[in-house]
Amino acid sequence: MSLQDLMKYRDSGELSDVTIVVEGEELKLHKFPLYIKSDYFKEVAAESGKDQVELEEFPGGAACFKVIADFCYNKKIDISLENVAQLRCGAEYLKMAGDNNLIDLTERYLDDIIRSAQMSRSLSPIVDLISRTACLGPAAEEAKIAERCFAAVMDVWTKPGRVDALVVDRLLRLPLDWFERLAKSCGSEGERQLRPLAELATRYLHRQQQQNEPKEPTGEVLDRVIGSLPEPTPLAEVISGDWIRLALLASEQYSCQCRPRLLQLAGNMLHRFRQEELKQMPSPVLCDIVSSTAAAMGGDAGASGEAQVLSGVIDNHLLDLARAGSLTAEEFAKLAASVPADYRASHDTLYEAAETLLTAGESIPDDQQKAVVEAVDLSRCEVSTLQRALDKGAFPAKVVCQAAIDLAQRQQSLQVDGKFARREDFKPTFSSSPSRRYGRNVASPSYDGIGAGYSSYREPIYGSKFDSDFDASSGLRYSALGGYSDTAAYPDTDRGARLDFQYSGASGGRYSSRKW
């Protein structure tokens, strides 16, 4: 039978000895030309010898199969960008391998398209191939068209120049499973592909969220997209505080498996959040971010710069909220406690936030006031902050004075070169002067809310004891290196001297008490 006869019988269907059914449409064909080109039809004939073969879920449907049938009959076919993916997948389905067979021809055509697109930096034909391949079923997986296209997309994207917005929009319309494949294929060529992937992933998630009727549940989309990204993907470089806030809220609502990764991501970029972005972050979510970040830092992170940056962000955030009048005592206590105690180099900003909250004029239950006060360690504040605390009366005087004692005791036991501070650095001196008698009785201060004032404070000085009643307005004096003193009512003394207590610390600080 001549080539011309084969073509004639293909058109007429005469002498047909096999019927091929595709999508319900019957095609009267001949076994011989099909067997020559397709191993699939050879296998079917060997197994059953059937005269009718149904091709289920054939890539491209009946229209694509008709073109392939023409090829089997040696009719000339046109391979183009519009049909090459379908023909390649159909050839894979029918096992049409071999030189100059359909797999070989379509592979060469695909190579030409991809190579030309890479040289011209035009993503449009590659994205078109991806879009057309996405609906072609299992044969597309076996043909591995998508993986070659994905590699070409990222290769073009990472080169200098702008990427066409329309092309990006088409990538954002990919089915979720295909976007996962795109993401998982990245990184094999190095980290240069990860930045554009991060940009694409955030935009893909945003688009999915904006859909009125998303095809997949929000939680599933978030989990699958975030889970498909290689670990080093620099999401923090391309997302905003608002994006991570919405992602965290969704991950909590839908119990997403990616939530720990999102919390870690938020912690890494917390110092970059604008004030308004932090204010919009719910306090429970912010607590989760801080706790997750602290856990990732480990137990010995207290002295690190990262730990102090983390505590600084939270303390300044609390102060901003307190000044804006949008902070509750309960939120303050929880957020302040979310930062490990040893992360704060000082508590000055935290105290200011607490003072602003407690003196705002709002009614705060006693137990919540107590929680606010207990969140602040005044002994880790500057001298001016302690004086302010005493003057303002936001904290009970007993708490302030106890902080001064703790500060004094801690600083007096500082070691220099592994030894206690030198004797000459700690110099109590006496100078002759007429004795002074203080017969004034100072009333103990009283405070509303938590903690009343206290009196009859007892502290040994050089082996002697004296009683004093503290006045909140009397002015407690202390320094970070030298301890404290106070103006108090002393009993009569016949020492005939005044005590000038001085301490010069290793760092050069100097303290002098009030002179009596």
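- Under an unreviewed UniProt entry, the name given to the protein is BTB domain-containing protein, and the source organism is Macrostomum lignano.

1. Considering the overall build of the protein
Inference 1: Helix and strand content of the protein: 23 helices and 12 strands.
Inference 2: For the protein, buried positions account for 45% of its 516 residues.
Inference 3: Intrachain contacts of the protein at a sequence separation of at least 6 include 68% that bridge at least 24 residues.
Inference 4: Carbon and sulfur atoms make up 47% of the accessible area of the protein, which amounts to about 26400 Å² in all.

2. Remarks on the sheet that holds strand S1 (residues 18-22)
Inference 1: Taken in spatial order, the three strands of this open sheet run S2-S1-S3, and their pairing is mixed. Bordering the open sheet on either side are strand S2 (25-29) and strand S3 (52-55), each of which pairs with just one other strand. Taken pair by pair, the neighbouring strands of this sheet meet at an average axis angle of 25°, ignoring direction.
Inference 2: Pairing geometry for S1 and S2, over five bridges, is antiparallel. Bridging across to S2, Val-21 finds its partner in Glu-26.
Inference 3: The sheet strands contacting helix H3 (residues 39-47) are S1 and S3, and the helix crosses S3 at an angle near 130°.
Inference 4: Packing of helix H4 (residues 61-72) onto the sheet brings it into contact with S1, S2 and S3, and relative to S2 it is tilted by some 10°.

3. Structural notes on the side chain of Lys-37
Inference 1: Note that Lys-37 resides in helix H2 (residues 31-37).
Inference 2: With no salt bridge to any partner, buried Lys-37 finds its closest opposite charge in Asp-104, at an N-O distance of 10 Å.
Inference 3: Ignoring any residue separated from it by four or fewer positions in sequence, one finds Lys-37 in contact with Phe-71, Cys-72, Asn-74, Lys-95, Met-96 and Asn-101.

4. Quick notes on the packing of helix H19 (residues 329-338) against helix H20 (residues 348-358)
Inference 1: The N-to-C vectors of H19 and H20 enclose an angle of 170°; their axes lie 11 Å apart at closest approach. Here H19 is positioned roughly antiparallel relative to H20, judged by the angle of their axes. Crossing angle aside, the handedness with which H19 passes H20 is left-handed. For the pair H19 and H20, contact is made by Ala-329, Phe-332 and Ala-336 and by Leu-350, Ala-353, Ala-354 and Leu-357, respectively.
Inference 2: Class assignment for the residues of the contact of H19 with H20 results in seven nonpolar, no polar and no charged.

5. Observations regarding the packing of aromatic side chains
Inference 1: Tallied over the full model, the rule gives eight aromatic pairs.
Inference 2: Centroid distance Tyr-40 to Phe-41: 5.5 Å. Interplanar angle 80°. Geometry classified as edge-to-face.
Inference 3: A ring pair is formed by Phe-179 and Tyr-204, whose centres lie 4.1 Å apart and whose planes are at 15°; its orientation type is stacked. Of this pair, Phe-179 sits in helix H11 (residues 176-185) while Tyr-204 sits in helix H12 (residues 194-210), and the two are 25 residues apart along the sequence. The residues Phe-179 and Tyr-204 share a single accessibility class, namely buried.
Inference 4: In textbook terms, an aromatic cluster arises when at least three aromatic residues are bridged by ring pairs, as seen for Tyr-40, Phe-41, Phe-58, Phe-65 and Tyr-93.

6. Some remarks on the environment of Lys-8
Inference 1: In this fold, Lys-8 is placed in helix H1 (residues 3-12).
Inference 2: Residue Lys-8 is classed as partly exposed on the basis of its relative accessible area of 45%.
Inference 3: In this structure the C-alpha to C-alpha distance between Lys-8 and Lys-75, which are 67 residues apart in sequence, comes to 10.0 Å.

7. Brief notes about unusual backbone geometry
Inference 1: The backbone of Glu-57 shows a phi angle near 50°, a positive value even though the residue is not glycine.
Inference 2: Phi is positive for Lys-144, which is not a glycine, with a value near 55°.
Inference 3: Tracing the backbone through its elements, the reader meets Lys-144 in the loop between helix H8 (138-143) and helix H9 (145-157).
Inference 4: Judged by relative accessible area, Lys-144 falls into the exposed class, the value being 51%.

8. Some remarks on helix H5 (residues 84-94)
Inference 1: Where burial is concerned, most of H5 is hidden: nine out of the 11 residues are buried.
Inference 2: Here H5 has its buried residues at Val-84, Ala-85, Leu-87, Arg-88, Cys-89, Gly-90, Ala-91, Glu-92 and Leu-94.
Inference 3: Residue Lys-95 follows H5 closely and has a positive phi angle near 60°.

9. Regarding the nonpolar core
Inference 1: Core analysis: the largest hydrophobic core is formed by 110 residues, its most contacted members being Ile-244, Leu-262, Phe-332, Leu-378 and Phe-395.
Inference 2: Ile-244 has contacts with Ile-239, Leu-262, Leu-265, Ala-266, Phe-273 and Met-281, leaving out every residue within four places of it along the chain.
Inference 3: Leu-27, Phe-65, Cys-72 and Met-96 belong to the second largest nonpolar core, which has 27 residues in total.

10. So, the pattern of salt bridges
Inference 1: A full pass over the atoms with the stated rule returns 27 salt bridges.
Inference 2: Of the charged contacts in the structure, one is a salt bridge between Asp-39 and Lys-42, with a shortest N-O distance of 3.9 Å. Here Asp-39 pairs with Lys-42, and both are found in helix H3, just three residues apart, close to one helical turn.
Inference 3: Judged by its relative accessible area of 42%, Lys-42 falls in the partly exposed class.
Inference 4: A single network of salt bridges, built from pairs that share partners, joins Arg-88, Glu-92, Glu-107, Asp-111 and Arg-148.

11. Section: the confidence of the model for the protein
Inference 1: For the protein, the mean per-residue pLDDT works out to 77, and 75% of the residues sit at or above 70.
Inference 2: At the level of individual helices and strands, the protein shows its lowest average pLDDT in strand S7 (residues 457-458), which scores 30, and its highest in H20, which scores 96.
Inference 3: Overall, residues 415-516 carries pLDDT values under 50, and its contacts beyond four positions in sequence, including any with other chains, amount to 183 contacts.

12. Here's the deal with the side chain of Ser-283
Inference 1: Considering the arrangement of structural elements, one finds Ser-283 in helix H17 (residues 283-297).
Inference 2: Exposure remark for Ser-283: the relative accessible area of 11% places this residue in the buried category.

13. With respect to the pairing of S1
Inference 1: Most of S1 sits inside the fold, with five of its five residues counted as buried.
Inference 2: Both faces of S1 are covered, namely the face carrying Val-18, Ile-20 and Val-22 and the face carrying Thr-19 and Val-21.
Inference 3: Sheet topology note: the S1/S3 ladder contains four bridges and is parallel. For Thr-19, the partnering residue across the bridge sits in S3 and is Gln-52.

Cut-off values and rules
- Think of each chain on its own: its residues are numbered from 1, step by step along the sequence as written.
- Per-residue local features are limited, in this predicted model, to residues with pLDDT of at least 70; the limit for side-chain atom pairs, both in listing and counting, is 80 or more; totals at the level of whole chains, interfaces and linings are taken over all residues.
- With hydrogens and water set aside, each side-chain value is computed from the structure's full complement of heavy atoms.
- Strands here mean DSSP runs of E at least two residues long; helices mean DSSP runs of H or I at least four residues long; both are numbered from the N terminus.
- For every residue, the accessible area (1.4 Å probe, protein chains only) is compared with the maximum for its type, and the residue is labelled buried under 20%, exposed over 50%, or partly exposed between those bounds.
- It only takes one pair of heavy atoms within 4.5 Å for two residues to be counted as in contact.
- For the accessible areas, the method is Shrake-Rupley and the probe is 1.4 Å, while residue cover comes only from the protein chains on display.
- By definition, two strands form a pair when at least two bridges between them are found by DSSP.
- Lines fitted to C-alpha atoms define the axes here, with helix axes fitted over just the stretch in contact, and angles between the N-to-C directions of these axes take values from 0 to 180 degrees.
- Only four residue types enter the charge count, namely Lys and Arg as positive and Asp and Glu as negative; His and the chain termini do not.
- Between Lys or Arg on one side and Asp or Glu on the other, a salt bridge is scored when a side-chain nitrogen of the former is within 4 Å of a carboxyl oxygen of the latter.
- Each angle gets one of four labels, with under 35 degrees taken as roughly parallel, over 145 as roughly antiparallel, 65 to 115 as roughly perpendicular, and the rest as oblique.
- Here is the rule for handedness: rotate from the far helix to the near one, and if that takes an anticlockwise turn smaller than a right angle the crossing is left-handed, while a clockwise turn gives right-handed.
- Each residue receives one of three labels: charged for Asp, Glu, Lys and Arg, nonpolar for Ala, Val, Leu, Ile, Met, Phe, Trp, Tyr, Cys and Pro, and polar for the others, Gly being one of them.
- Put simply, two rings from Phe, Tyr or Trp (the six-membered ring, in Trp's case) pair if the centres are within 6.5 Å, and we call them stacked under 30 degrees between planes, edge-to-face over 60, tilted for the rest.
- Here, nonpolar core refers to any group of buried Ala, Val, Leu, Ile, Met, Phe, Trp, Tyr and Cys residues whose side-chain atoms link them within 4.5 Å.
- Known as pLDDT, the predictor's confidence for each residue is given on a scale from 0 to 100.

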